[in-house]
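Here is what each chain is made of, one letter per residue.
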Amino acid sequence: MSLIRSGAISGYESLVSKLGGNPIALLAAHDLSHSQLSDPNTYISYSAVASLLEHSAQSCDEPLFGLLLSQHHHPTVIGELYFSLVQWNTLREVLEALDKYLYLHANGAHLTQVPRGKNVVLELNINTGGTKEDEISQLMQMSVGQLNNFIIESLGLKNPAFPIHLSQPAPQSAPRQQLREICKRIKFDAAENGLCIPADWLDRKPHYDEADIRRHFQDYLKTLQQHYPGDLNMTDQIKVIIRQLLPNGECSLKRVAATLEMHPRALQKALQEQGLSYHALLQQTRLQIAIQHLKQHSLSISELALNLGFAEVSVFSRSFRKWTGMSPKSWQKRHDQDSSLKSERSRP
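Procedures and definitions
- Residues numbered from 1 in each chain as written.
- Predicted model: local features only at pLDDT ≥ 70, side-chain atom pairs only at ≥ 80, totals over all residues.
- Heavy atoms only, no water.
- Salt bridge = Lys/Arg side-chain N within 4 Å of Asp/Glu carboxyl O.
- Helix = DSSP H or I, 4+ residues; strand = E, 2+ residues; numbered from the N terminus.
- Buried < 20%, exposed > 50% of the residue type's maximum accessible area, 1.4 Å probe, protein only.
- Core = buried A, V, L, I, M, F, W, Y, C linked by side-chain atoms within 4.5 Å.
- Contact = heavy atoms within 4.5 Å.
- Phe/Tyr/Trp six-rings, centres within 6.5 Å; stacked < 30°, edge-to-face > 60°.
- Pairing = 2+ DSSP bridges.

Draft legend 1. The arrangement of the pattern of salt bridges in detail. Throughout the structure, instances matching the rule amount to 4 salt bridges. Here Arg 176 and Glu 62 are joined by a salt bridge, their closest N and O atoms 2.6 Å apart. Of the two residues, Arg 176 is situated in the loop between strand S5 (164-165) and helix H9 (180-183) and Glu 62 in the loop between helix H4 (46-59) and helix H5 (65-70); the sequence distance between them amounts to 114 residues. The residue Asp 203 makes a salt bridge to Arg 92 at a minimum N-O spacing of 2.9 Å. Note that Asp 203 is positioned in the loop between strand S7 (194-198) and helix H10 (210-227) and Arg 92 in helix H7 (residues 91-101), a separation of 111 residues in sequence. Among the residues examined, Arg 92 registers a relative accessible area of 31% and is labelled partly exposed.

Listed below in structure tokens is the structure:
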């Protein structure tokens, strides 16, 4: 089953209410509830979301319901993934990483870069498990709208004018005031769904606000502290931050300290008093993540190396051998053999 984070439709209930609809009844009609939307990291059925948006568009008499919903979304609607993506060196790298890790937000969505003369089309495809194209028109509106927001925010664009492509036909009614500007950029009945941007934009460095990233991690830590009151000590907090920063190679003592609102030297001193060091915590966290993925076969060795912030696979392999006495492949093979043996012994 294809799944999507409930955070993807944040603001849904508020929008439906403003349009005169009954969000509770609409959710219930698709076996969804308010509680599922309260936590943005809850996964729900992609097809259920698609049918919910279609039903909502009809109930609220708003043919551009999905697009309207996307206008209430900041690019952070894709969750933690956003703060890792915007720190890559170029928009090209950002988009490649977005496609690679989009499954963490929406399993079944893919983003492809299609060269077209001096432009490149960012084509979005969604697989909801056999749902017909005309049954996901609102979902596609919302998703393309969110991609539009992501590009604008990533490049710090003030007056965006790049075309938006939607394969669905144009609605017969005129768009409401809030959508008039964006609708001027939409090409309906297009060959694909997505955006058309100048190819040279791909080499631009993404724009992001360091303060926004710091606030994000601070808010995330507060959320964890609410779930684990009194148990999330400074060491745990540092490991949480390291886990989120590692994939983009921007995991540094300076950034971790800034997130904790500490000077790097103060953080080092606090760790030394506990007989620890930032380097030791970094290596411990890397090892924990590596073992998790090696057990699950969730990433290739090269992908794992990049996710751990290593520039080269060989450097990761040497480090892993230093930690465990074995290469990553050898460790994985031994774990698989031990698991298989335990399974055989447990059989009656």
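Draft legend 2. Up close: the nonpolar core. Residues Ile 9, Tyr 12, Leu 91, Leu 98, Leu 139 and Ile 151 are the most contacted members of the largest nonpolar core, which totals 69 residues. In terms of residue count, helix H8 (residues 137-155) provides more of this core than any other element does, 9 residues in total. With sequence-adjacent residues up to four places away left out, Tyr 12 is seen in contact with Pro 23, Leu 26, Leu 27, Leu 37, Leu 52, Leu 53, Ser 56, Phe 65 and Leu 69. Ranked by size, the runner-up nonpolar core spans 30 residues in total, among them Ile 238, Ile 241, Leu 281 and Leu 304.

Draft legend 3. Fine view of the packing of aromatic side chains. Taken as a whole and assessed by the stated rule, the structure comprises 8 aromatic pairs. Aromatic pair Phe 310 and Phe 316: ring centres 5.6 Å apart, planes at 45 degrees, arrangement tilted. Here Phe 310 and Phe 316 have matching classes, each one buried. For Phe 310, a relative accessible area of 6% translates into the label buried. Taken together through their ring pairs, the aromatic side chains of Phe 310, Phe 316, Phe 320, Trp 323 and Trp 331 make up a single cluster.

Draft legend 4. Layout of unusual backbone geometry. Positive phi outside glycine occurs at Asp 31, with the angle close to 55 degrees. Mapped onto the fold, Asp 31 is located in the loop between helix H2 (23-29) and helix H3 (34-38).

Draft legend 5. Structural view of the pairing of S7. Counting buried positions along S7 gives 4 out of 5 residues, so the element sits mostly inside the fold. Bridge analysis of strand S4 (residues 119-126) against S7 gives 5 bridges, and the strand direction is antiparallel. Across the sheet, residue Leu 122 finds its bridge partner in S7, namely Leu 195. Examined bridge by bridge, S5 and S7 share 2 bridges and lie antiparallel to one another. The partner of His 165 across the bridge, within S7, is Gly 194.

Geometry only, nothing functional implied.
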